[in-house]
Amino acid sequence: MDWNHYRFRSLWALPAPAPAVYRALERVEDYPRWWHQVRQVTRLGAAGGLVRIRSLLPYDLTTTLRERRRDPAAGVLEVALSGDVEGWARWTVIPRGTGTLARYEQVVEVRKPLLRRLAVPGRPVFRANHALMMRSGRRGLAAHLATV
């Protein structure tokens, strides 16, 4: 097993229509307004950005995003990730009743040296940290969507 390889999946049930959820998720530069762990986003052209993330644990992850797929009809947003983590992440936005189900998938390999050294003992803590971050993001997006 590669202890630095992670596969994450989160499902967010949101009480807003799918087009509104998609529009919010495609505006990565606005994430810090509603997702507190996304500390900073710097746009790098029309299809990329530099993102700094910090959750509960005392370390930042800095990652460059490069758009791979933007398909509003299918509800898909996908980016390639490089930097402290390398791999990909994808949002799939699906109408569900009067609301939306937003599915987040991520497959990455950790590149940050400190986290690589702590891979075996830290893995459960890193996974819990990610889960807390995702829970906070869902709450933040739901609150944000209620105001737009």
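Residues numbered from 1 in each chain as written. Predicted model: local features only at pLDDT ≥ 70, side-chain atom pairs only at ≥ 80, totals over all residues. Heavy atoms only, no water.

Novice: Mind laying out the nonpolar core, listing which residues take part and the relevant values?
Specialist: The biggest cluster of nonpolar side chains holds 39 residues, and the ones touching the most others in it are Trp 12, Val 21, Leu 25, Trp 35, Trp 91 and Leu 141. Tallying contributions element by element places helix H1 (residues 18-26) first for this core, with six residues. With residues up to four places along the chain from it excluded, the contact list for Trp 12 reads Trp 34, Trp 35, Trp 91, Thr 100, Leu 101, Ala 102, Met 134, Gly 137, Arg 138 and Leu 141. (Core = buried A, V, L, I, M, F, W, Y, C linked by side-chain atoms within 4.5 Å. Buried < 20%, exposed > 50% of the residue type's maximum accessible area, 1.4 Å probe, protein only. Helix = DSSP H or I, 4+ residues; strand = E, 2+ residues; numbered from the N terminus. Contact = heavy atoms within 4.5 Å.)

Novice: Give me the lowdown on the packing of H1 against helix H4 (residues 119-147), citing residues and values where you can.
Specialist: Interhelical geometry of H1 versus H4 gives an angle of 115° and a closest axis separation of 11 Å. As for the relative orientation of H1 and H4, their crossing is right-handed in sense. Together, Ala 20, Val 21, Ala 24 and Leu 25 of H1 and Leu 141, His 144 and Leu 145 of H4 make up the contact between the two elements. When the residues that make up the contact of H1 with H4 are grouped by side-chain class, the tally is six nonpolar, one polar and no charged. (Axes fitted to C-alpha atoms, helices over the stretch in contact; angles between N-to-C directions. Left-handed = near helix turned anticlockwise from the far one by under 90°. Nonpolar A, V, L, I, M, F, W, Y, C, P; charged D, E, K, R; others polar.)

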